[in-house]
Amino acid sequence: MGQYFPGDTIIHRLDPRTKLLFVVFYIVSLFTAKSWISFGIIMAVLITAVLASKVSFKTIFKGLKPLVIIIIFTAVLNMFFTQGEPLVEFWVITITREGVTKAVLMVLRIIMLITGTLLLTYTTSPLALTDGLEALLRPLKKIRVPVHEISMMMSIALRFIPTLIEETDKIMSAQKARGADFDSGNLIEKAKALIPLLVPLFVSAFRRADELAIAMESRCYHGDKGRTRMKQLKMKGHDYVVLGLSVLLLAGVIVLGRFGF
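Rules used in this analysis
- Residues numbered from 1 in each chain as written.
- Predicted model: local features only at pLDDT ≥ 70, side-chain atom pairs only at ≥ 80, totals over all residues.
- Heavy atoms only, no water.
- Phe/Tyr/Trp six-rings, centres within 6.5 Å; stacked < 30°, edge-to-face > 60°.
- Helix = DSSP H or I, 4+ residues; strand = E, 2+ residues; numbered from the N terminus.
- Buried < 20%, exposed > 50% of the residue type's maximum accessible area, 1.4 Å probe, protein only.
- Core = buried A, V, L, I, M, F, W, Y, C linked by side-chain atoms within 4.5 Å.
- Contact = heavy atoms within 4.5 Å.
- Expected span 1.5 Å × (residues − 1).
- Arc of directions from axis to C-beta.
- Salt bridge = Lys/Arg side-chain N within 4 Å of Asp/Glu carboxyl O.
- Patch = residues over 30% accessible without salt bridge, like charges linked within 9 Å, V, L, I, M, F, W, Y side chains within 5 Å.
- Areas by Shrake-Rupley, 256 points an atom, 1.4 Å probe, with all protein chains shown as cover.
- Axes fitted to C-alpha atoms, helices over the stretch in contact; angles between N-to-C directions.
- Parallel < 35°, antiparallel > 145°, perpendicular 65-115°, else oblique.
- Nonpolar A, V, L, I, M, F, W, Y, C, P; charged D, E, K, R; others polar.

## Here we look at the packing of aromatic side chains
And then number 1: Per the counting criterion, the structure on display carries two aromatic pairs.
And then number 2: Both rings, one in Phe-5 and one in Tyr-122, keep their centres 5.1 Å apart while their planes meet at 75 degrees; by these two values the pair is edge-to-face. With Phe-5 in the segment before helix 1 (10–13) and Tyr-122 in helix 6 (residues 97–123), this residue pair connects regions lying 117 residues apart in the sequence.
And then number 3: Here the aromatic rings of Phe-22 and Tyr-26 are separated by 6.4 Å at their centres, their planes lie at 20 degrees, and the arrangement is stacked. With Phe-22 and Tyr-26 both in helix 2 (residues 16–32) and four residues apart, this pair spans about one turn of that helix.
And then number 4: A relative accessible area of 19% means that Phe-22 is categorised as buried.

Structure, rendered in structure tokens:
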């Protein structure tokens, strides 16, 4: 998550504003969809985008791996606590047909949501994301919203995710070499075992943040004031085509929902 894979595909060449708007329309469509047909259409669009970006599905699955527990927990909650026609009854546990359907749809929604946002960061550099987000939020400057600073913070946060993950792996390997055990024991014991991991990770994160602040100050960074850009954002024909398709996707999902599909 947060990692950028350079490339020259049509997805990489899209304007960052186009990709951000497409993700917004995609997420709204995803949460508006209520039927298998709508989910099938959105999934077809997502698979087409992944294939066009040439990002391997193995890379996508790696990005989903840290969230497996959340996905399973969400599925279990929807399966056990949704009322309807009983399928399985055991003691106080009742699994209903509606619960199974809702759990599957919820899991699909979460997986497709994460995959879409991962594809955005995989195919867009942090600098391009910052410029695109700032351009989209520019009207808020009229009410004195610090648009540039917000965009910069979000970009830095995305950029630091893979760095912190790499740092966590290094610290964990070092702790295991010293005899630390992160796998055995109950939940409380596992949480206690993470303390030797979290302390150096927080220290490293604050040190990197301090070094970044010093580097920005030494380069005379003063926010958006007097700042110019070497590369100006300019939307092309394929950007307008993608935006049109995103609007059609959302409109199609809404129409299908109105007719019960």
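## Re the nonpolar core
And then number 1: The biggest cluster of nonpolar side chains holds 28 residues, and the ones touching the most others in it are Tyr-26, Leu-30, Phe-39, Ile-42 and Met-112.
And then number 2: For this core, the secondary structure elements donating two or more residues are helix 2, helix 3 (36–53), helix 4 (57–64), helix 5 (68–80), helix 6 and helix 11 (237–258).
And then number 3: In this structure, Met-112 is in contact with Tyr-26, Leu-30, Phe-39, Ile-42, Met-43 and Leu-46, ignoring residues within four places of it in sequence.
And then number 4: Of all hydrophobic cores here, the second largest spans five residues; its members include Leu-20, Val-23, Leu-120 and Leu-133.

## Structural notes on helix 11
And then number 1: Given a rise of 1.5 Å per residue, 22 residues ought to cover 32 Å, and the 32 Å separating the end C-alpha atoms of helix 11 matches this to within 8%.
And then number 2: Where helix 11 is concerned, the buried positions are Asp-239, Val-242, Leu-243, Ser-246, Leu-249, Leu-250 and Val-253. Buried residues of helix 11, viewed axially, fall in a sector of 110 degrees; they line one side. Along helix 11, the residues that are exposed and aim more than 90 degrees away from the buried face are Tyr-240, Val-241, Leu-245, Leu-248 and Arg-258.
And then number 3: Those residues of helix 11 hidden inside the fold are in contact with helix 2 and helix 3.

## With respect to helix 3
And then number 1: Taking 1.5 Å of rise per residue, 18 residues should cover 26 Å, and helix 3 covers 25 Å from first to last C-alpha, within 8% of that figure.
And then number 2: Lining the buried residues of helix 3 we find helix 1, helix 2, helix 4, helix 6 and helix 11.
And then number 3: Lys-54, located one to two residues past helix 3, shows a positive phi value of around 60 degrees.

## Quick notes on unusual backbone geometry
And then number 1: If you check the backbone angles, Lys-54 has positive phi at about 60 degrees while not being a glycine.
And then number 2: Looking at the element boundaries, Lys-54 is found in the loop between helix 3 and helix 4.
And then number 3: Positive phi, close to 65 degrees, is recorded for Arg-144, a residue that is not glycine.
And then number 4: As for its position among the elements, Arg-144 is in the loop between helix 7 (126–136) and helix 8 (147–177).

## Structural notes on the pattern of salt bridges
Side-chain pairs of opposite charge can arise whenever the charged atoms involved come near each other.
And then number 1: For the coordinates displayed, the defined rule picks out six salt bridges.
And then number 2: The partner of Glu-134 in a salt bridge is Lys-141, and the shortest N-O contact between them spans 3.9 Å.
And then number 3: The exposure class assigned to Lys-141 is partly exposed, which follows from its relative accessible area of 33%.
And then number 4: Between Arg-208 and Glu-167 there is a salt bridge; the shortest N-O distance is 3.0 Å. Pair noted here: Arg-208 is in helix 10 (residues 195–218) and Glu-167 is in helix 8, with a separation of 41 residues, a long-range link.

## Looking at a nonpolar patch on the surface
And then number 1: A surface patch of nonpolar side chains, amounting to about 1100 Å² of accessible area, comprises Val-68, Ile-72, Phe-73, Val-76, Leu-77, Phe-80, Phe-81, Phe-90, Trp-91 and Ile-93.
And then number 2: Tallying contributions element by element places helix 5 first for the nonpolar patch, with six residues.
And then number 3: Looking at the secondary structure, you find Phe-81 in the loop between helix 5 and strand 1 (86–90).

## Quick notes on the packing of helix 2 against helix 7
And then number 1: Closest axis-to-axis distance for the helix 2/helix 7 pair is 8 Å, and the angle between their directions is 70 degrees. It follows that helix 2 is roughly perpendicular to helix 7 by the angle criterion. Between helix 2 and helix 7, the contacting residues are Pro-16, Arg-17, Leu-20 and Leu-21 on the first element and Ala-128, Leu-129, Gly-132, Leu-133, Ala-135 and Leu-136 on the second.
And then number 2: For the contact of helix 2 with helix 7, the residue count by class is eight nonpolar, one polar and one charged.

## Re the environment of Ser-155
And then number 1: Summarising the element assignment, Ser-155 is placed in helix 8.
And then number 2: Spatially, the C-alpha atom of Ser-155 lies 47 Å from that of Glu-85, the residues being 70 residues apart in sequence.
And then number 3: In this view, Ser-155 contacts Pro-126, Leu-127 and Thr-130; residues no more than four positions away in its chain are not counted.

The quantities given are spatial measurements derived from coordinates; they are silent on function.
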